[in-house]
Amino acid sequence: MRMREADDLFFDVVSQIHMPAWSSGRVALAGDAAHATSFLSGQGSRVSLVGAYVLAGELAARADHTEAFTAYERITRGFVETNQALATTGGTFVTPTTQEMLDARNAALRDAASLTGDEGRAAHTGLVVPDYRHLG
Ligand SMILES: Cc1cc2nc3c(=O)[nH]c(=O)nc-3n(C[C@H](O)[C@H](O)[C@H](O)COP(=O)(O)OP(=O)(O)OC[C@H]3O[C@@H](n4cnc5c(N)ncnc54)[C@H](O)[C@@H]3O)c2cc1C
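So, here is what we can say about the structure in this document. (Residues numbered from 1 in each chain as written. Predicted model: local features only at pLDDT ≥ 70, side-chain atom pairs only at ≥ 80, totals over all residues. Heavy atoms only, no water.)

## Brief notes about the overall build of the chain
Selection rule: To qualify as a helix, a DSSP run of H or I must reach at least 4 residues; to qualify as a strand, a run of E must reach at least 2; elements of each kind are numbered from the N terminus. The classification of residues rests on relative accessible area computed with a 1.4 Å probe and restricted to protein chains. Under 20% of the type maximum is buried, over 50% is exposed, and intermediate values are partly exposed. Charge convention: Lys and Arg are scored as positive, Asp and Glu as negative, and His as well as the terminal groups of each chain are ignored. A charged residue contributes its charge at one atom only: NZ of Lys, CZ of Arg, CG of Asp or CD of Glu.
Each helix and strand in the chain was counted, giving seven helices and two strands. Going residue by residue from the N terminus, the α and β elements of the chain occur as α-β-β-α-α-α-α-α-α. If one aligns the C-alpha atoms of the chain with their principal axes, the spans along those axes are about 60 × 35 × 25 Å. Out of the 136 residues belonging to the chain, those deemed buried represent 28%. Distance between charge centroids for the chain: 4 Å, based on 11 positive and 16 negative side chains.

Structure, rendered in structure tokens:
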């Protein structure tokens with residue numbers, strides 16, 4: 001009801017980015033441009049930072065940028081896709097479609113202890129990034 005009367009209603013779509021390849025020639029994508037996760041799965045900042053770190057590290061480690069781009073995607077893509085896949089289970093929590101779902105979601109948010117389950121943890125910790133510190 002209030003939505004119908006609002007004069008500042010904001011409406012947008014929730015999308016993910018799935019690119020068949022993250023690089024072409026001398027250009028490589030990182031972060032949301034390569035693999036936006038959407039807030040239905042969360043983790044967008046995390047996977048963006050991990051990808052940027054690995055991309056920079058592989059470029060520092062290799063003389064050939066195409067080899068670096070290939071290594072960057074090989075190391076990171078599985079981790080990214082596992083986190084993107086969390087969106088398929090999170091939708092009704094973020095955007096409940098019935099009053100019952102809305103009430104259950106609000107109750108869960110009030111009870112912080114109920115939000116500390118293991119769902120998603122394997123995806124969140126699914127990649128041990130290489131250590132590039134020796135590259136200076
Ligand atoms: C509503 C919402 C809630 C979110 N909540 C969370 C959350 O709770 N946790 C989480 O981890 N992630 C969250 N995210 C996702 C997170 O914000 C993104 O995954 C993350 O910011 C991606 O970083 P990025 O550097 O790839 O892109 P961005 O942060 O979008 O940075 C891209 C930058 O490029 C600039 N730019 C664009 N075009 C040009 C151009 N032509 N020339 C120069 N500059 C340009 C833009 O202005 C921007 O500053 C959320 C996203 C949204 C939309």
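We are not done yet, so read on.
## Quick word on the site of the ligand
Note the cut-off: Residue proximity to a molecule or strand is established when one non-hydrogen atom of the residue lies within 4 Å of it. Within 3.5 Å is the distance limit for a polar contact, defined as a pair of N or O atoms, with the added protein rule that one can donate a hydrogen and the other accept it, and that residues adjacent in sequence qualify only through two side-chain atoms. Computed by Shrake-Rupley with a 1.4 Å probe, the accessible areas treat only the displayed protein chains as cover when residues are assessed.
In the vicinity of the ligand, the contacting residues are Gly31, Asp32, Gln43, Gly44, Ser45 and Ser48. Gly44 places a main-chain nitrogen or oxygen 3.3 Å from an oxygen atom of the ligand. Protein coverage of the free-state accessible area of the ligand, which is 1000 Å², stands at 24%. The element best represented in the shell around the ligand is helix H3 (residues 44-61), accounting for three residues.

## Digging into the packing of aromatic side chains
Note on aromatic pairs: each is described by the distance of the centres and the angle between the planes. In plain terms, the rule: Only centres within 6.5 Å qualify two rings of Phe, Tyr or Trp (six-membered ring in Trp) as a pair; their planes then separate them into stacked at under 30 degrees, edge-to-face at over 60, and tilted for everything else.
The final tally for this structure, using the stated rule, is two aromatic pairs. Aromatic pair Trp22 and Tyr72: ring centres 5.4 Å apart, planes at 50 degrees, arrangement tilted. In this pair, Trp22 is assigned in the loop between helix H1 (2-5) and strand E1 (23-24) and Tyr72 in helix H4 (residues 65-84), connecting sequence segments 50 residues apart. The exposure classification of Trp22 matches that of Tyr72, with both residues buried.

## Some remarks on the side chain of Ser38
Here is the rule we go by: By definition in these notes, contact holds between two residues if any of their heavy atoms fall within 4.5 Å.
For Ser38, the location among the structural elements is in the loop between helix H2 (32-35) and H3. Not counting residues up to four positions away in its chain, the partners in contact with Ser38 are Val14, Ser15, Gln16 and Ala87.

## Details of the nonpolar core
As a reminder, the rule being used: Here, the term nonpolar core denotes a set of buried Ala, Val, Leu, Ile, Met, Phe, Trp, Tyr and Cys residues that are joined through side-chain atoms within 4.5 Å.
In terms of nonpolar packing, the biggest core is built from 12 residues, these being Trp22, Ala34, Val47, Val50, Val54, Leu55, Phe69, Tyr72, Ile75, Phe79, Val80 and Tyr132. When contributions to this core are tallied by element, the ones reaching two or more residues are H3 and H4. Here this core takes five residues from H4, the largest share from any one element. Not counting residues up to four positions away in its chain, the partners in contact with Phe69 are Ser23, Gly25, Arg26, Val27, Ala28, Leu55 and Leu59.

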